[in-house]
Amino acid sequence: MSLQSRDVEYIAHLARLAIDASEVPQYAQSLSSILDLVDSLNSVNTETIAPMSHPLAMAQRLRPDLVDANPGETGRDQFQAHAPQVSDGLYLVPRVVE
Amino acid sequence: MAVTAWEVVIGCEIHVQLATQSKIFSGAATAFGAAPNTQACAVDLGLPGVLPVLNGEAVRLAVKFGLAIDAHIEPHAVFARKNYFYPDLPKGYQISQLERPIVGAGHVDILLEEGVRKRIGITRAHLEEDAGKSLHEDFHGMTGIDLNRAGTPLLEIVSEPDLRSAAEAAAYMRKIHQLVRYLGISDGNMQEGSFRCDANVSVRPLGQAELGTRAEIKNINSFRFVEQAVNYEVERQIALLESGGRVVQETRLYDPDRGETRSMRSKEEANDYRYFPDPDLLPLAIDANFIEAVRATLPELPEARCQRFIQELGLLEYDANTLTASRPLADYFEAVCAAAKCDAKLCANWVMGTLSAALNRDAISVESSPVSAEALAELLRRIADHTISGKIAKQVFDLMWQGEGRADAIIADRGLQQITDNSALEAMIATTIDAYPQQRDEYRAGKEKLFGFFVGQVMKQTKGQANPALVNEILTIKLKG
């Protein structure tokens, strides 16, 4: 499988990654070789093997419905001490609608 | 395009907030109305190093819904990441489900006009987390983010494109709302966003198999709006196609103030969510024992209850439907019937009529009715045993509503019993007739509609306490002379 430069640019945009145009061919090549490696798995006969959605053959453990980690105002203030900008308890971000 | 008739095709995605105390993947609270970000913990904020742990109650509530719509319950449900960037989604992805959703294909029946039932397919229902809330008021040119809602458990219920009109879409939305409230899996509060609908609307020439291009109307939070929004959208699309234009596949918002839908700038230029199984969450194993344990908690569902009211209590279908519209109303009605031990039709009329009118007038829910089911039953027993007439009963009801006490006490204290002493009534009626000789003679000369005049006079004299049937009987005899 071979990725084109435009695939790399598209993926980078979706992931909001800024990449230098000069590096695009290099990324295309590296990512293609990763996909080729994954592709080689197709040569294994998996006809009798049930598909898995997770590498661990275990089931999800469940949590009882308890409020045991509610931050309250104290917790919020601690979290917000790391935020670049807050106001009235809200996190402030660059405006998202015009 | 010369098209004589258009067919409307609608499918709905309904987001139902599940009634859990804590979030779907964290131990923060889900309560509505808390101060901003006081219910957003490290998991909800997507801080590095945290792991989601699935809330068992959310699973139980989703399975309960699945069983109620006769759906397949997935024994190995899988959670997936839906990737997109938006500030109210701190992780950069929403944990949702794509393949193997917890609830597979099922169905509900909606009731259309003239009692016609229509089966609507439900494609799937899956668990996911809600996003936070963006506040676009002016924070010095910035947007404020409240993540209290982030991580709230949602069940997204996806219908087949089986709906053919705005009215059907509204009936379907009502049906799902009724069902989730009966099941107790959601409070269904639309003002607080616990129940919201996205409608996928398209039109095609009648008879064409291929679906037209659809527009998705987002976040409709009332039954009235879904009808208005779909109708507007249908007209817009037909006008567009008939004038030679094309419908663009896009997301639109309904503006109830202007009564129109308008295009919404898409969150992501390309809706490429790059779903993949979430490596932080193992497959969810749901075994037959668990399913049967949930099944045992299912209440009697609205259709079954409605049929029982028709068959066992002899109610009309319309009345049975009205009374089973919500579980608290149906519970109240059944409690009245059980305590009154009189004609169910009388109980039904009072619950749907006088009681519902008073509840609506004072904006009180039936659960907090100032007149309890037992108290109403006592009043109805007094109608059934002819202690009071229906008219007097309404007065007694008003006094009960105002907190003046129970029916029997009110009737006794105010002397409201019907006059059942025949001789007293006969004497009084004779006096009344004699007081109006002119009307009496006109009646006897053939002016029969004056009978009502005499009934009115007698009722006035007795302050409505005479038994109407008895008054009619005696008046008929006495007026003949």
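Details of the structure are given in the entry above.
Definitions and limits used
- Residues numbered from 1 in each chain as written.
- Chains lettered and ligands numbered in written order.
- Predicted model: local features only at pLDDT ≥ 70, side-chain atom pairs only at ≥ 80, totals over all residues.
- Heavy atoms only, no water.
- Helix = DSSP H or I, 4+ residues; strand = E, 2+ residues; numbered from the N terminus.
- Rg over C-alpha atoms; globule rule 2.2 N^0.38 Å.
- Buried < 20%, exposed > 50% of the residue type's maximum accessible area, 1.4 Å probe, protein only.
- Areas by Shrake-Rupley, 256 points an atom, 1.4 Å probe, with all protein chains shown as cover.
- Lys, Arg positive; Asp, Glu negative; His and termini not counted.
- Charge placed at Lys NZ, Arg CZ, Asp CG, Glu CD.
- Phe/Tyr/Trp six-rings, centres within 6.5 Å; stacked < 30°, edge-to-face > 60°.
- Pairing = 2+ DSSP bridges.
- Contact = heavy atoms within 4.5 Å.
- Buried area = accessible area lost by both parts, 1.4 Å probe.
- Nonpolar A, V, L, I, M, F, W, Y, C, P; charged D, E, K, R; others polar.

**Q** Would you mind going over the overall build of chain B with me for this structure?
**A** Summing up its helical and strand segments, chain B has 16 helices and 16 strands in all. On C-alpha atoms alone, chain B measures out to a radius of gyration of 30 Å, which is more than a quarter above the 23 Å that the 2.2 N^0.38 rule sets for 481 residues. Projected onto the principal axes, the alpha-carbon positions of chain B cover approximately 95 × 60 × 55 Å. Here chain B, with 481 residues, has 52% of them falling under the buried criterion. Total accessible area on chain B is roughly 21,900 Å²; 51% of this is exposed by carbon and sulfur atoms. Taking the average location of the 51 positive side-chain charges in chain B and that of its 65 negative ones, the two points are 4 Å from each other.

**Q** It is not clear to me how unusual backbone geometry should be interpreted in this structure. Could you clarify?
**A** What is expected of a backbone is that most residues other than glycine have negative phi and most peptide bonds are trans. All names here are of chain B. Look at asparagine 37: it is not a glycine, yet its phi comes out positive at around 65 degrees. When you line up the elements, asparagine 37 lands in the loop between strand E1 (6-17) and helix H1 (42-45). Phi at aspartate 70 takes a positive value of approximately 60 degrees, unusual for a residue other than glycine. In this structure, aspartate 70 sits in the loop between helix H2 (56-68) and strand E3 (76-77). The class of aspartate 70 is exposed, set by a relative accessible area of 54%.

**Q** Just to check I follow, could you spell out the packing of aromatic side chains for this structure?
**A** Residues and elements named next belong to chain B. Taken as a whole and judged by the stated rule, the model has 10 aromatic pairs over all chains. Ring centres 6.3 Å apart and planes at 80 degrees place the aromatic pair tyrosine 273 and tyrosine 275 in the edge-to-face group. Between tyrosine 436 and phenylalanine 453, the aromatic rings sit 5.1 Å apart at their centres with planes inclined by 90 degrees, giving edge-to-face as the arrangement. With tyrosine 436 in the loop between helix H13 (422-435) and helix H14 (437-444) and phenylalanine 453 in helix H15 (residues 450-461), this pair connects stretches of sequence that are 17 residues apart.

**Q** What am I meant to see in the sheet that holds strand E4 (residues 80-83) of chain B here?
**A** Within a beta sheet, neighbouring strands are joined by backbone hydrogen bonds and run either parallel or antiparallel to one another. Read from one edge to the other, the open sheet built from three strands follows the order E5-E4-E15 (chain B), with strand pairing classed as antiparallel. Where the open sheet ends on each side, the last strands, each with one partner, are strand E5 (93-96) and strand E15 (276-277) of chain B.

**Q** Help me understand the interface of chain B and chain A, please; the structure alone is not making it clear to me.
**A** Accessible area lost when the parts come together is the quantity often used to give the size of an interface. With 57 residues of chain B at the interface, the matching set in chain A holds 41 residues. Interface area, chain B with chain A, both sides summed: about 4,000 Å², of which 60% is carbon and sulfur. Area buried by chain B at its contact with chain A is led by Thr38, Met142 and Leu282 of chain B, which between them contribute 16% of it. Breaking the side of chain B that touches chain A down by element, the ones donating at least two residues are H1, strand E2 (54-55), H2, strand E8 (133-139), strand E9 (142-146) and strand E16 (284-285) of chain B. Here the side of chain B that touches chain A is composed, by residue class, of 31 nonpolar, 14 polar and 12 charged. Sheet topology places strand E1 (residues 62-63) of chain A next to E2 of chain B; two bridges connect them, and they run parallel. Bridge pairing links arginine 63 of chain A to asparagine 55 of chain B in E2 of chain B.

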